[in-house]
Amino acid sequence: MTFPGSGDETIYLDHAATTPVDAEVLAVMLPYFSERYGNPSSVYRHGQEARAALDRARASAARVLGCRPGEILFTSGATEADNLALRGVAWRRRLDGAVGDPPPHVVTTRIEHHAVLHAAEALEEQGFAVSYVPCDGQGVVAVDAVAAEIRPETCLISVMYANNEVGSIQPIADIGALALERGIPLHTDAVQAAGMLPLRVDDLGVDLLALSGHKFYGPKGVGLLYVRQGTPIAYQQAGGGQEGGRRGGTENVPLIVGLAAALEKADWLRDAYATHCAGLRDRLLHGIREAIPEADLNGPFHPAQRLPNNLNVAIPGVQGETVLLSLDMEGVAASAGSACTTGSSEPSHVLRAMGLPEERCRASLRFSVGRDNTAEEIDEAVEVLVETVGRVRELAGSA
Ligand SMILES: Cc1ncc(COP(=O)(O)O)c(C=O)c1O
């Protein structure tokens with residue numbers, strides 16, 4: 001998609017990093033900034049209007065997840081939701097334990113987003129134990145590998161639903177069955193799955209699930225954490241008793257209203273969106289392969305194991321970062337690895353966990369297509385990429 005009305009003709013192929021706010025979603029949010037601006041905790045009409053909007057948003061998100069409204073907690077994004085899940089469950093176990101108990105243990109994977117990985121590392125610094133399950137060469141974690149890490153003191157399993165870099169879909173329902181059998185809560189970071197894959201928590205067998213508004217055409221700075229009733233968790237943010245006493249702080253009504261509207265629309269459009277994206281993604285791969293036959297796919301080959309909008313390719317003889325900058329000058333926006341680590345010279349931890357050599361990691365690019373992309377844009381992007389790669393290789397003396 002280009003940026004409408006901005007005069008910017010960029011072909012935007014980085015929807016895994018963020019998406020534009022849907023026009024209908026924006027229209028639903030706007031009145032809550034300056035007309036219906038009441039504080040949901042106030043007893044007069046303005047406040048009660050805001051409270052009703054919050055209640056409606058919670059009920060609508062609960063319909064999509066197939067849970068009770070009271071099991072949804074709105075947060076400032078998925079980073080907060082993931083942190084709360086890991087720290088909250090681990091600390092609850094420690095606070096409920098006896099002196100001399102072994103430190104509570106968390107099982108997670110090597111391919112998680114840093115919102116989970118860095119929270120897990122922070123727990124290790126606080127004396128908790130963490131195991132990081134490896135993945136296979138296509139970025140998929142095996143149920144048996146998760147099972148192998150479980151100990152008597154394991155208090156949480158955290159495995160993402162779909163990976164943000166290579167789009168690999170994890171066997172969450174099978175891990176859910178394992179977690180249920182062992183009586184251990186399961187958390188999933190479902191950020192990249194929203195709008196692409198089913199999110200009903202009972203079908204997935206998850207006890208905690210994190211989402212972020214800006215990945216499915218909603219606003220930035222808002223997310224949610226689903227917490228199954230009865231999950232032992234120590235809430236982290238003390239304050240004025242909002243969110244049923246679980247997260248203090250005046251609720252961000254406009255953003256929450258936007259998140260709920262975007263989630264409902266994303267869920268309703270899911271099949272059509274996934275089909276549209278998969279078609280464009282395959283066209284992009286085909287176009288790249290035709291012109292650059294040595295380009296190689298990173299991540300799952302089988303479409304059922306990969307997010308429909310994700311393409312991650314290694315192009316031998318170039319540095320991904322250099323190609324990205326040139327693409328940007330030519331009006332194509334893509335990504336090398338995850339947007340959150342772009343700018344750092346470290347190769348992607350996900351590609352490394354898949355066992356790819358460093359040179360291949362550095363030569364990798366991620367394209368993530370979206371709702372408004374067209375076949376013409378994809379063809380143009382392929383042309384620009386092929387030209388750019390030729391130029392970069394020539395400069396590097398490897399053409
Ligand atoms: C898989 C995954 N988890 C968590 C996050 C963090 O989400 P937020 O931007 O809402 O903090 C992202 C964002 O890139 C993501 O892709």
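Values in this document were obtained by computation on a predicted structure and should not be read as measured data.

J.: Could you give an account of the overall build of the chain, with specific residues and numbers?
T.: The helix and strand inventory of the chain stands at 15 helices and twelve strands. A globule of 399 residues ought to have a C-alpha radius of gyration of about 21 Å, and the chain, at 22 Å, matches this closely. Looking at the chain residue by residue over its 399 residues, the buried ones come to 57%. Split by element, the accessible area of the chain, about 16,500 Å² in all, is 53% carbon and sulfur. Of the side-chain charges in the chain, 33 are positive and 51 negative, and the distance between the mean point of each set is 6 Å.

J.: Tell me about the nonpolar core, and name the residues and values.
T.: Counting 98 residues, the largest nonpolar core has Leu65, Ile157, Leu199, Leu211 and Phe367 as the members making the most contacts within it. Per-element accounting of this core gives the leading share, nine residues, to helix α10 (residues 253-268). Among the domains, domain 1 (11-21 + 270-396) and domain 2 (23-268) are the pair contributing at least three residues each to this core. Not counting the four nearest positions on each side in its chain, Leu211 is found in contact with Leu65, Gly77, Ala78, Ala190, Val191, Ala194, Leu199, Phe216, Gly223, Leu224 and Leu263. Formed by 21 residues, the second largest nonpolar core is a distinct cluster that contains Leu73, Leu86, Leu156 and Leu208.

J.: Describe in detail helix α15 (residues 375-396), supporting the description with residues and values.
T.: In this model α15 runs 31 Å from its N-terminal to its C-terminal C-alpha over 22 residues, within 8% of the 32 Å that 1.5 Å per residue would give. Tucked inside the fold, the buried residues of α15 contact β1 (11-12), α11 (270-291), α12 (320-329), β11 (332-333) and β12 (364-368). Once α15 finishes, Gly397 follows within two positions and takes phi at roughly 75°, a positive value.

J.: I'd like a description of the sheet that holds strand β10 (residues 310-314), backed by residues and values.
T.: With antiparallel pairing, the three strands of this open sheet are ordered in space as β9-β10-β12. Each edge of the open sheet carries a strand with a single partner, namely β9 (296-297) and β12.

J.: Would you mind going over the site of the ligand in detail, with residue names and values included?
T.: Near the ligand lie 14 residues; those nearest to it are Thr79, Asp189, Gln192, Ser212 and Lys215. At 2.5 Å, a side-chain N or O of Thr79 approaches an oxygen atom of the ligand. Interatomic distance of 2.6 Å between a side-chain N/O atom of Lys215 and an oxygen atom of the ligand. If the ligand stood free it would expose 390 Å²; the protein chains cover 87% of that surface. The element that contributes the greatest number of residues to the shell around the ligand is helix α4 (residues 78-96), accounting for three residues.

J.: With reference to specific residues and values, describe the sheet that holds strand β8 (residues 223-227).
T.: If you walk across this open sheet you meet the seven strands as β2-β8-β7-β6-β5-β3-β4, and the pairing is mixed. Each having just a single partner strand, β2 (72-75) and β4 (129-133) make up the two edges of the open sheet. Taking each pair of neighbouring strands and ignoring which way they run, the sheet shows an average axis angle of 20°. Strands β3 (105-109), β4, β5 (154-158) and β6 (186-189) of the sheet are contacted by helix α5 (residues 114-125), whose axis makes an angle of about 145° with β4. This element, α10, spans β2, β7 (208-212) and β8 of the sheet and lies at about 75° to β8.

J.: Hey, could you go over the domain arrangement of the chain for me, with residue numbers and the actual values?
T.: What the domain assignment reports for the chain is domain 1 (11-21 + 270-396) and domain 2 (23-268). Taking the mean C-alpha position of each, domain 1 and domain 2 sit 28 Å from one another. At the junction of the two partners, domain 1 supplies 36 residues and domain 2 supplies 40 residues. Carbon and sulfur atoms make up 55% of the area that domain 1 and domain 2 hide from each other, which totals about 3,200 Å². The largest contributions to the domain 1 side of the interface with domain 2 come from Val21, Arg270 and Leu307, which together make up 25% of the buried area. For the pair domain 1 and domain 2, the interface holds one salt bridge.

J.: So what's going on with the pattern of salt bridges? Residues and values would help.
T.: By the definition in use, this model includes 23 salt bridges. Here Arg68 makes a salt bridge to Glu71, at a shortest N to O gap of 3.5 Å. For Arg68, a relative accessible area of 49% gives the class partly exposed. Its relative accessible area of 6% is what places Glu71 among the buried residues. With its nearest N and O atoms 2.8 Å apart, the salt bridge here joins Asp379 to Arg283. Remark: Arg283 occurs in helix α11 and Asp379 occurs in helix α15; sequence separation between them is 96 residues. Several salt bridges share partner residues, and in doing so they unite Asp22, Glu24, Lys265 and Arg371 into one network.

J.: Go over unusual backbone geometry with me, naming the residues and quoting the values.
T.: With phi around 70°, Tyr217 is a residue other than glycine that occupies positive phi space. Mapped onto the secondary structure, Tyr217 falls in the loop between β7 and β8. Of note, Glu243 is a non-glycine position whose phi angle comes to about 50°, a positive value. Note that Glu243 resides in helix α9 (residues 242-245). On the basis of relative accessible area, Glu243 is assigned to the buried category, the value being 5%.

What counts and what doesn't
Residues numbered from 1 in each chain as written. Predicted model: local features only at pLDDT ≥ 70, side-chain atom pairs only at ≥ 80, totals over all residues. Heavy atoms only, no water. Helix = DSSP H or I, 4+ residues; strand = E, 2+ residues; numbered from the N terminus. Rg over C-alpha atoms; globule rule 2.2 N^0.38 Å. Buried < 20%, exposed > 50% of the residue type's maximum accessible area, 1.4 Å probe, protein only. Areas by Shrake-Rupley, 256 points an atom, 1.4 Å probe, with all protein chains shown as cover. Lys, Arg positive; Asp, Glu negative; His and termini not counted. Charge placed at Lys NZ, Arg CZ, Asp CG, Glu CD. Core = buried A, V, L, I, M, F, W, Y, C linked by side-chain atoms within 4.5 Å. Domains from an automatic or database assignment. Contact = heavy atoms within 4.5 Å. Expected span 1.5 Å × (residues − 1). Pairing = 2+ DSSP bridges. Near = heavy atom within 4 Å. Polar contact = N/O pair within 3.5 Å; in protein donor to acceptor, adjacent residues only side chain to side chain. Axes fitted to C-alpha atoms, helices over the stretch in contact; angles between N-to-C directions. Buried area = accessible area lost by both parts, 1.4 Å probe. Salt bridge = Lys/Arg side-chain N within 4 Å of Asp/Glu carboxyl O.

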